[in-house]
Amino acid sequence: MSERVYQGIGVSDGIRMGKAFIYRRAPEPDTNRMIKQEQAEQEISRLDRAVEHAVLEIDELVARASKTLGDDKVAVIKGQKTFLSDPAYCPQMKKLIQEKLFSSEKAVREVTDRYAGVFEGMENSYMRERAADVRDAGNRLLQHLSGADCVDLSKLDHPVILVADDLAPSDTVRLDRNLIRAFVTRRGGKTSHTSIFARSLDIPAVVGVQDIMDGVTDGEELILDGNKGICIASPNPETVKDYHAKMEQERRMEEVFRRYAAQDAHTHDGKRVIAAANIGSLSDAEDSLKKGAEGVGLFRTEQVYLSRKTAPDEETQYQVYRKIAECFGSKEVIVRTLDVGGDKEISYLGIGKETNPFLGYRAIRYCLDRKEIFLTQLRAILRASAFGKLSVMFPMISGIQELEAAKAMMEEAKEQLRRRQQPFDESIRTGIMIEIPSAALMADVLAQEADFFSIGTNDLTQYTLAVDRGNEKVSYLYNYFDPAVVRLIHRVSDAAHQAGIPLGMCGAMAGDPLAIPLLVGLGLSELSMPAGSLAQAKYTVSMLESKSCGELAAKAVNCRSAGAIRDLLQEYLQKHGEQD
Amino acid sequence: MINKEFTIDGQYGFHLRPAQVMVEKMSPFTCDVKMKKEDGTEADAKSILGLMSLGLNNGQKVQMETNGADEKKAMATLEELFRTNFGE
């Protein structure tokens, strides 16, 4: 067969090659069968036996899993056992058998669907995912009722890439992780079981690949690229060669990076650069600390607002912010206030469709208009600031009036808390994102009112170059190495230094190893990036020498094109990489 | 019959694990134990599916009701569970 590339969602990084092992559950049992009155008793004892076997099976799974997996995963499996003994589960099935003459299978399906449906209708995404647990318990019962054998994952004896519709917790615990090189599934999202399991075991995984079950045959050669979220079937020899090189490179670099992840980042000649993480949730926070984050340069608070029907109240937000503040202790966490609008839509906030959303009613513009929503968030952040080192950052500031208005709101929130006698960090710093060209041009004025700047390169690049990154016809113009963008960064840096305020960056550029010497040379003191980039970034910083970075930046500012700047940087990194 | 109000405290709301702990601790009591939401829906606190079906989110208030011979002991256990946030 010829090479095919399947696109999905990469949920666990890494590249693996191997043979496909297609895992299908036993064929669907007949869940429509009815019984006769005189069979009811027999049907009920059949269900009882299935429950008994299912419970035994779970006990066996738990005993096996507790050796290889953590307590929290075992708890998920145990949860299924609780379902099986739940007064609202099997007793209801028996009732249906007795009163409506359902077969055991039909009764199991009916009751299971009912509860799974309730969970699926919930606004909390975590609870929605729990529908899978109930279905898993139901499927287990159906399997025991049919007595049919399905492929037993625990009997695998050679390393494979597992291809499945979806993996239930009971499937994943049966796996010998040494035999599973990677997962690819048709269903699932970032927070589904497969994804969480894959990440916790460090097994690369791609989920949500629509045609994978029909497209791939058992035993076919696969390459799974969790970084890109793709699965390549029957790869060409060149693709294989490419990926062998990538894997070898990945393996070698990982060893080096691991050494650097645990250390604070500083250049060869001792200049300190804070390598911080961009996070969106508590689990991101925990993950980033493990990967060497020295703080948080961007905590996106939008997740607190998502998957809900109404705006989160102060208490709900406070709990989340507080846990994250505690997680980082004395390390700074920069909390960005609600950055809604643009491509981030939250229906209940009522922003509505706009013809030009990136230039429209969004972020700080929305917050200054909807004062109650903004004040609620500011109070929640302030209260949480009593439990760690939080700073507040306003997104999309385009000029001094907006900054002054936002700061006035901050004072109002503080005053409200003082009246309530609730503690907060009185010395909390307020800074701004520099992501609009007007803000970059007026940085000297803004610097008088802001405690720090953080450059958001994604928006700054698209606004400066007037390029929509998502539009394939023009995205080739999108480049943060464009001298226009670099000059703006240079200008912001000058303004920050003159005012004596720290300057960071939290866009994609900050985590790009090629950009790092330039950014250090331009005088940035904090680089904030996805946790996965931290180790490599720290390693890159360690190779640099601050004086030559300064010279490099001076040259870059005078380059004519993005290409010229890239060449300059590549040359620099090659030279300094060899010295190490 | 005893009634007391509590607040759900957890990133994921009242999810699988706390529900499991509650069922485990409440099942040995002979009294009826109910969890009631502010909107009036209620669930048997000895049923994990019932509890999870309430779909309680972080910060929501609930009424716990114990009714029967050992209702005092059951309520004391509930207070301890909420106080320790279900061991989370």
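Residues numbered from 1 in each chain as written. Chains lettered and ligands numbered in written order. Predicted model: local features only at pLDDT ≥ 70, side-chain atom pairs only at ≥ 80, totals over all residues. Heavy atoms only, no water.

## Observations regarding the packing of helix H3 (residues 90–100) of chain A against helix H4 (residues 104–120) of chain A
All names here are of chain A. Packing of H3 against H4 leaves a shortest axis separation of 9 Å and a crossing angle of 130°. Put simply, H3 runs oblique to H4. Handedness of the crossing formed by H3 with H4: right-handed. Facing Gln 92, Met 93, Leu 96 and Ile 97 of H3, the residues of H4 in contact are Ser 104, Ala 107, Val 108, Glu 110, Val 111, Thr 112, Arg 114 and Tyr 115. A per-class count over the contact of H3 with H4 returns seven nonpolar, three polar and two charged. (Axes fitted to C-alpha atoms, helices over the stretch in contact; angles between N-to-C directions. Helix = DSSP H or I, 4+ residues; strand = E, 2+ residues; numbered from the N terminus. Parallel < 35°, antiparallel > 145°, perpendicular 65-115°, else oblique. Left-handed = near helix turned anticlockwise from the far one by under 90°. Contact = heavy atoms within 4.5 Å. Nonpolar A, V, L, I, M, F, W, Y, C, P; charged D, E, K, R; others polar.)

## Describing the side chain of Ser 103 of chain A
All names here are of chain A. Here Ser 103 lies in the loop between H3 and H4. For Ser 103, a relative accessible area of 0% corresponds to the buried category. Aside from chain neighbours lying at most four places away, what touches Ser 103 is Arg 33, Met 34, Ile 35, Glu 43 and Ile 97. (Buried < 20%, exposed > 50% of the residue type's maximum accessible area, 1.4 Å probe, protein only.)

## So, the domain arrangement of chain A
According to the domain assignment, chain A contains domain 1 (4–24 + 154–250), domain 2 (37–146) and domain 3 (262–579). Computed over C-alpha atoms, the centres of domain 2 of chain A and domain 3 of chain A are 47 Å apart. (Domains from an automatic or database assignment.)

## Let's talk about the sheet that holds strand S9 (residues 274–279) of chain A
Residue and element names in this part refer to chain A. In spatial order, the strands read S9-S10-S11-S12-S13-S14-S15-S16; together these eight strands close into a barrel with parallel pairing. Strand-to-strand twist across the sheet, computed as the mean angle between neighbouring axes with direction ignored, equals 30°. As paired strands, strand S11 (residues 332–336) and strand S12 (residues 389–394) are joined by five bridges and run parallel to one another. Bridge pairing links Val 333 to Leu 390 in S12. (Pairing = 2+ DSSP bridges.)

## Considerations on the pattern of salt bridges
Residues and elements named next belong to chain A. Within this structure, the stated rule accounts for 44 salt bridges over all chains. The partner of Arg 251 in a salt bridge is Glu 248, with the nearest N and O atoms 3.0 Å apart. One end of the pair is Arg 251 and the other is Glu 248, both in helix H10 (residues 237–261) and three residues apart, which spans about a single turn. On the accessibility criterion, Arg 251 (44% relative accessible area) is partly exposed. Residue Lys 291 pairs with Asp 287 through a salt bridge whose shortest N-O separation is 3.2 Å. Under the relative-accessibility criterion, Lys 291 is labelled partly exposed at 36%. For Asp 287, a relative accessible area of 28% gives the class partly exposed. Taken together, the shared-partner salt bridges in this structure form one network comprising Glu 302, Arg 336, Asp 339, Arg 362 and Asp 459. (Salt bridge = Lys/Arg side-chain N within 4 Å of Asp/Glu carboxyl O.)

## Remarks on the interface of chain A and chain B
Counting from both sides, the interface comprises 25 residues of chain A and, opposite them, 22 residues of chain B. Summing both partners gives a buried area of about 2,000 Å² for chain A against chain B, and 65% of it is carried by carbon and sulfur. Applying the counting rule to chain A against chain B returns one salt bridge. As a salt-bridge pair, Asp 9 of chain B and Lys 323 of chain A come within 4.0 Å of each other at their nearest N and O atoms. Counting every contact that joins chain A to chain B gives three residue pairs in polar contact (both at pLDDT 80 or more). Of all the secondary-structure elements, those providing two or more residues to the side of chain A that touches chain B are helix H2 (71–84), H4, helix H5 (125–129), helix H6 (131–146) and helix H13 (314–328) of chain A. Looking at the side of chain A that touches chain B element by element, the count peaks at six residues for H2 of chain A. (Buried area = accessible area lost by both parts, 1.4 Å probe. Polar contact = N/O pair within 3.5 Å; in protein donor to acceptor, adjacent residues only side chain to side chain.)

## As for the packing of helix H11 (residues 282–290) of chain A against H13 of chain A
All names here are of chain A. The contact between H11 and H13 brings their axes to 10 Å, and the two run at 5°. Overall, the two elements H11 and H13 adopt an arrangement that is roughly parallel. Note on element contacts: H13 touches H11 through Lys 323, Ile 324, Cys 327 and Phe 328, opposite Leu 282, Ala 285, Glu 286, Ser 288 and Leu 289. Taken together, the residues of the contact of H11 with H13 break down into six nonpolar, one polar and two charged.

## Description of helix H3 (residues 71–83) of chain B
All names here are of chain B. Between its terminal C-alpha atoms H3 stretches 18 Å, which fits the 18 Å expected from 13 residues at 1.5 Å a residue. Among the residues making up H3, those that are buried are Glu 71, Ala 74, Met 75, Leu 78, Leu 81 and Phe 82. Seen end-on, H3 carries its buried residues on one side only, within an arc spanning 115°. In H3, the exposed residues that point more than 90 degrees away from the buried face are Lys 72, Lys 73 and Arg 83. Contacts from the buried residues of H3 go to strand S1 (2–7), helix H1 (16–26), strand S2 (32–37) and strand S4 (61–67). Looking one or two residues past H3, Asn 85 carries a phi angle of roughly 50°, positive in sign. (Expected span 1.5 Å × (residues − 1). Arc of directions from axis to C-beta.)

## Overview of the nonpolar core
One broad trend across soluble globular proteins is that nonpolar side chains are buried collectively. One finds Phe 394, Phe 453, Phe 481 and Leu 518 of chain A to be the most contacted residues of the largest nonpolar core, which totals 112 residues. Core analysis: the next-biggest nonpolar cluster, separate from the first, contains 66 residues, Val 74, Leu 84 and Leu 145 of chain A together with Met 52 of chain B among them. (Core = buried A, V, L, I, M, F, W, Y, C linked by side-chain atoms within 4.5 Å.)

## Focus on helix H19 (residues 457–465) of chain A
All names here are of chain A. Within H19 the residues assigned to the buried category are Thr 457, Asp 459, Leu 460, Thr 461, Gln 462 and Tyr 463. Contacts made by the buried residues of H19 are with strand S13 (429–434), helix H17 (437–441), strand S14 (453–455), helix H20 (483–499) and strand S15 (503–505). Ala 466 sits one or two residues past H19 and shows a positive phi near 55°.

## A look at the packing of aromatic side chains
One pass over the structure, following the stated rule, counts nine aromatic pairs over all chains. Taking the centre distance of 5.8 Å and the plane angle of 80° together, the rings of Phe 299 of chain A and Tyr 321 of chain A count as edge-to-face. On the criterion of sequence distance, the pair formed by Phe 299 of chain A in strand S10 (residues 296–300) and Tyr 321 of chain A in helix H13 is long-range, its members being 22 residues apart. Taking 6.0 Å as the distance between ring centres and 65° as the angle between the ring planes, the aromatic pair formed by Phe 374 of chain A and Phe 394 of chain A counts as edge-to-face. With Phe 374 of chain A in helix H15 (residues 371–384) and Phe 394 of chain A in strand S12, the pair connects residues that are 20 residues apart, well separated along the chain. The class for Phe 374 of chain A is buried, based on a relative accessible area of 0%. Grouping aromatic residues by their ring pairs yields a cluster made of Phe 6, Phe 14, Phe 82 and Phe 86 of chain B. Positioned above the aromatic ring of Tyr 243 of chain A, the side-chain terminus of Lys 246 of chain A is 4.5 Å from the ring centre. Against the face of Phe 387 of chain A rests Arg 322 of chain A, its NZ or CZ located 3.8 Å from the ring centre. (Phe/Tyr/Trp six-rings, centres within 6.5 Å; stacked < 30°, edge-to-face > 60°. Lys NZ or Arg CZ within 6 Å of the ring centre and 35° of its normal.)

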